[in-house]
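Spelled out, the chains give:
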Amino acid sequence: MKKKQTHTYEFKAEVKQLLDILVHSLYTSREIFLRELISNASDALDKLRFESTRGTAVADKDLPLEIKIDFDEKKKLITVTDTGVGMTEDELIKNIGTIAKSGSAEFLKQLSEDKSDVNNIIGKFGVGFYSVFMVAEKVVIKTKSFNEDAPALEWVSDGLGSFEINPLAEKINRGTIIEIHLKEETKDYADKYRLETIIKKHSNFISFPIYLGVEKINTITALWREPKSNIKKEAYNEFYKFLTYDEEPMDTIHVSVDAPIQFNALMFIPKKNFDLFGYNREDYGLDLYVRRVLIQHKNKDLLPEYLSFVKGVVDSEDLPLNISRETLQENVIFHKIASSVTSQILSYLVKKAKDEPEKYREFWKEHGRIFKMGYSDFSNMEKFTQLLRFNSSFNEDTKQLVSLEEYASRMKEEQKEIFYAFGINREAVALDPHLEIFKKKGIEVLYLFDPVDEFVFNGVRKFKEFEFKSVDSVDIGKIEKFEDTVKEEDKFEKLDKKDEKHFDSLLASMKKTLGDRVTDVKVSSRLNESPACLVNPDDTMTASMQRLLRMTNKDMTVQKKLLEINKNHKLIRNLLKIFIQNTNDEYIANVTEQLFESALLLEGNLDDPHKLVNRLNKMLEQSSDWYTQVKNI
Ligand code: ADP
Ligand code: MG
């Protein structure tokens, strides 16, 4: 039989780039290399345990599942040994030599921009192993796969450009030994106290024993199974840090459910929304344990996407140990656990919103955008709607928020709808002409600044018996009946009968000018300050929704609307005078066009501003003539 040759392989380009950054780095957080190697060892042990519980034959089946750390000061050497699944040659090449997970390009970009963050992000991108080259000048991996006839292999690299794989002459057990040959400047890591401190700090909750020499270092407690009263806040925080590499959590949710299905869950809401680079979309989920045995890291089906910011673990007695990730999908108990987890989180938030409104606002600020996506979770609609927050016309600034409950409690008697207005910010919404009548009547309007909010309302449909209504679609008859809260003296005298007739003709002439672009031109009862506005015919899409849809579909035409005219506006009264003089004065047509396009512009549905600007400039020019005449300039 021919002896196997040494094989030399080049690292993939992105790995080289990553290594280059790491090898030449002077990170203060270099110690995290050990956390990463221990975490890999733990993953390998999890995989092995998983294989044996499902009945796969594994090599050296009586070996204890554990992690061993040894060191030799003189040789500047640290070794990390595990009895996990090990690797075949193909796996070595595939897993260590390329960057498997997506997002690596983004990671490299981040890393080169903000070096201080390596500690927090390296593990999340599936590149943890390479961090060993922050401290090593050479790394040797000795490994033997759990497949019974797999050969022992040796992988060697200095982390510069290539790695070698050789058959290993010495006999080793199933699992992996990582030899870390330290650099001169990092040789101090080969020290008992130092290693012990690092393990305790970063790897205390690893669920396999970690030995340093012969001494077991970590405390293997399944914290989530302990009674709540026994657990100190520090322990929760430590566990959270272990789980996420983050600082402290915003909230800790520890639940223990016995009936109808038993499970424990320890969950956390981070202080910050992690989803900085958008990669968290893929990276969320809760770790699923069955009787303390990890079945799956970051199981996505335990949480709906809108709660994806929640981190933590779920452990159940009632699932079979040999359940596979595939069969989980069809398991009824699993689904019951998942829906209970969701409702536990929502109940927690409902309580928080009630008991600590200030803190709830912090939560909303950080996670509200993702949370809002829950508008299609019909089974939890009641809790979900209790948790929504909005800015409102009754608030003084954007910092304050109201719940639908608060809104409802302030509604006018007889008010049947919850009104909202959409705009890019508070200042913009406040100037929306459609709001004028609401101000006059003292009716509260919710302000929406996030395009998603409107989808939320469309999804939620109702709060209690009240429907949501956009201010530009509201049936004015339903509002007019309310008493004015702001009394204003009439600025203009009422038109006499003759002028009323002229006014009607003026509206007809405006309609003629605009033709098919509007459904009609009518006198308005909703306006106060503004001369005109566009109103949605009842039960059609709101202006902001249309704008949103038109952003994705350019061909969509703007829905025809009703142009409402404020009879008591100075501009309109002047227009009437001009009209009475000469019904065909071109000034009238110009103003009509201008009012129409301005209204379109306000709601974000004017496609081409050229005509508007052109006309405006001409009118400014004219008015400057008049101005200089009047002022005798
Ligand atoms: P990640 O752990 O996020 O996948 P790493 O860079 O830490 O990324 O590790 C890359 C891969 O190398 C692992 O996914 C695993 O397949 C393999 N690996 C690393 N260490 C071990 C080990 N001790 N035993 C078995 N496989 C390992
Ligand atoms: Mg890893």
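Residues numbered from 1 in each chain as written. Chains lettered and ligands numbered in written order. Predicted model: local features only at pLDDT ≥ 70, side-chain atom pairs only at ≥ 80, totals over all residues. Heavy atoms only, no water.

Peer 1: Talk me through the sheet that holds strand E2 (residues 67–72); I want residue IDs and the actual numbers.
Peer 2: Read from one edge of the open sheet, nine strands run E1-E6-E5-E4-E7-E3-E2-E8-E9, paired in mixed fashion. The two strands at the open ends of the sheet, each matched to only one other strand, are strand E1 (7–10) and strand E9 (215–216). Alignment of strand E4 (residues 136–144) against strand E7 (residues 175–182), held across eight bridges, turns out to be antiparallel. Each bridged residue has a counterpart across the sheet, and for Lys-144 the counterpart in E7 is Gly-175. Helix H6 (residues 192–203) contacts E2, strand E3 (77–82), strand E8 (210–212) and E9 of the sheet and is inclined by roughly 165° relative to E8. (Pairing = 2+ DSSP bridges. Helix = DSSP H or I, 4+ residues; strand = E, 2+ residues; numbered from the N terminus. Contact = heavy atoms within 4.5 Å. Axes fitted to C-alpha atoms, helices over the stretch in contact; angles between N-to-C directions.)

Peer 1: How would you summarise the domain arrangement of the protein if you had to cite specific residues and measurements?
Peer 2: Domain annotation of the protein identifies domain 1 (7–216), domain 2 (223–357), domain 3 (388–480) and domain 4 (497–630). For domain 3 versus domain 4, the distance between C-alpha centres works out to 25 Å. Of the residues lining the interface, 19 residues belong to domain 3; the matching set on domain 4 comes to 21 residues. Inspection of the domain 3/domain 4 interface yields zero salt bridges. Where domain 3 touches domain 4, the interface holds eight residue pairs in polar contact (both at pLDDT 80 or more). (Domains from an automatic or database assignment. Salt bridge = Lys/Arg side-chain N within 4 Å of Asp/Glu carboxyl O. Polar contact = N/O pair within 3.5 Å; in protein donor to acceptor, adjacent residues only side chain to side chain.)

Peer 1: Give me the lowdown on the nonpolar core, citing residues and values where you can.
Peer 2: Ranked by internal contacts, the top residues of the largest apolar core, which has 73 residues, are Phe-371 and Phe-438. For this core, the leading source of residues is helix H10 (residues 332–355), giving nine residues. Here this core gathers at least three residues from each of two domains, domain 2 (223–357) and domain 3 (388–480). Look past the residues within four positions of Phe-438 in its chain and what remains in contact with it is Phe-419, Ile-443, Val-445, Val-471, Val-474 and Ile-479. Counting residues in each nonpolar core, the second largest holds 64 residues, with Met-87, Val-132, Trp-155 and Tyr-236 among its members. (Core = buried A, V, L, I, M, F, W, Y, C linked by side-chain atoms within 4.5 Å. Buried < 20%, exposed > 50% of the residue type's maximum accessible area, 1.4 Å probe, protein only.)

Peer 1: Got a sec to walk through the pairing of strand E14 (residues 311–316)? Specific residues and values, please.
Peer 2: In terms of residue burial, E14 counts as a mostly covered element, since six of its six residues are buried. Here strand E11 (residues 263–270) pairs with E14 via six bridges, running antiparallel. Of the residues in E14, the one forming a bridge with Phe-263 is Ser-316. Looking at chain direction, strand E12 (residues 286–290) and E14 are connected through four bridges and run parallel. Residue Tyr-289 lies in a different strand from E14, and its bridge partner there is Asp-315.

Peer 1: Describe helix H22 (residues 610–630), listing the residues and the values that go with them.
Peer 2: Given a rise of 1.5 Å per residue, 21 residues ought to cover 30 Å, and the 30 Å separating the end C-alpha atoms of H22 matches this to within 8%. Those residues of H22 that fall on the buried side of the exposure criterion are Leu-612, Arg-615 and Met-619. Down the axis, H22 shows its buried residues gathered within 75° of arc, on one side only. Looking at H22, the residues exposed on the side facing more than 90 degrees away from the buried face are His-610, Lys-618 and Glu-621. The elements touched by buried residues of H22 are helix H21 (586–602). With its phi angle positive at about 60°, Asn-632 sits one or two positions after the end of H22. (Expected span 1.5 Å × (residues − 1). Arc of directions from axis to C-beta.)

Peer 1: Hey, could you go over a negative patch on the surface for me, with residue numbers and the actual values?
Peer 2: Side chains of Asp-60, Asp-62, Glu-148 and Asp-149 sit close together on the surface and give a patch of like negative charge. Mapped onto the elements, Glu-148 comes out in the loop between E4 and strand E5 (152–157). (Patch = residues over 30% accessible without salt bridge, like charges linked within 9 Å, V, L, I, M, F, W, Y side chains within 5 Å. Areas by Shrake-Rupley, 256 points an atom, 1.4 Å probe, with all protein chains shown as cover. Lys, Arg positive; Asp, Glu negative; His and termini not counted. Charge placed at Lys NZ, Arg CZ, Asp CG, Glu CD.)

Peer 1: Mind laying out the packing of aromatic side chains, listing which residues take part and the relevant values?
Peer 2: Scanning the entire structure with this criterion turns up 28 aromatic pairs. A ring pair is formed by Phe-33 and Tyr-189, whose centres lie 5.7 Å apart and whose planes are at 80°; its orientation type is edge-to-face. With Phe-33 in helix H2 (residues 32–53) and Tyr-189 in the loop between E7 and H6, the pair connects residues that are 156 residues apart, well separated along the chain. One exposure class covers both Phe-33 and Tyr-189, and it is buried. Here a set of aromatic residues connected by ring pairs shows up, and it is made of Phe-205, Trp-224, Phe-239, Tyr-240, Phe-242, Phe-268 and Tyr-289. A cation sits over an aromatic face here: Arg-35 above Tyr-245, 3.5 Å from the ring centre. One residue, Arg-194, lies across the ring of Tyr-189, its end atom 4.0 Å from the ring centre. (Phe/Tyr/Trp six-rings, centres within 6.5 Å; stacked < 30°, edge-to-face > 60°. Lys NZ or Arg CZ within 6 Å of the ring centre and 35° of its normal.)

Peer 1: Explain the packing of helix H18 (residues 497–514) against H21 to me, and be specific about the residues and the numbers.
Peer 2: Interaxial distance between H18 and H21 falls to 10 Å at its minimum, and their mutual angle equals 70°. On the basis of the axis angle, H18 is roughly perpendicular to H21. Note on packing geometry: the crossing formed by H18 with H21 is right-handed. Of the residues in H21, those in contact with Leu-506, Ser-509, Met-510, Thr-513 and Leu-514 of H18 are Ile-588, Ala-589, Thr-592, Glu-593, Leu-595 and Phe-596. Each residue belonging to the contact of H18 with H21 can be placed in one class, and the counts come to seven nonpolar, three polar and one charged. (Parallel < 35°, antiparallel > 145°, perpendicular 65-115°, else oblique. Left-handed = near helix turned anticlockwise from the far one by under 90°. Nonpolar A, V, L, I, M, F, W, Y, C, P; charged D, E, K, R; others polar.)

Peer 1: Just give me the short version of the environment of Ile-32, but keep the residues and values in it.
Peer 2: Counting through the fold element by element, Ile-32 comes out in helix H2. The spatial distance from the C-alpha of Ile-32 to the C-alpha of Asn-237 is 19 Å, given a sequence separation of 205 residues.

Peer 1: Hey, could you go over the sheet that holds strand E22 (residues 561–565) for me, with residue numbers and the actual values?
Peer 2: Sheet strands pair by backbone hydrogen bonding; their relative direction is either parallel or antiparallel. Spatial strand order, E20-E22-E21: three strands in an open sheet with mixed pairing. Since the sheet does not close on itself, it has two edges, and those belong to strand E20 (518–523) and strand E21 (532–535), each with one partner. Sheet twist, expressed as the mean angle between neighbouring strand axes with direction ignored, is 25°. In this sheet, E22 lies alongside E21 in antiparallel orientation, the contact comprising four bridges. Bridged to Ala-532 within E22 is Ile-565. Contacts between H21 and the sheet are confined to E20, E21 and E22, with E21 contributing the most and set at about 60° to the helix.

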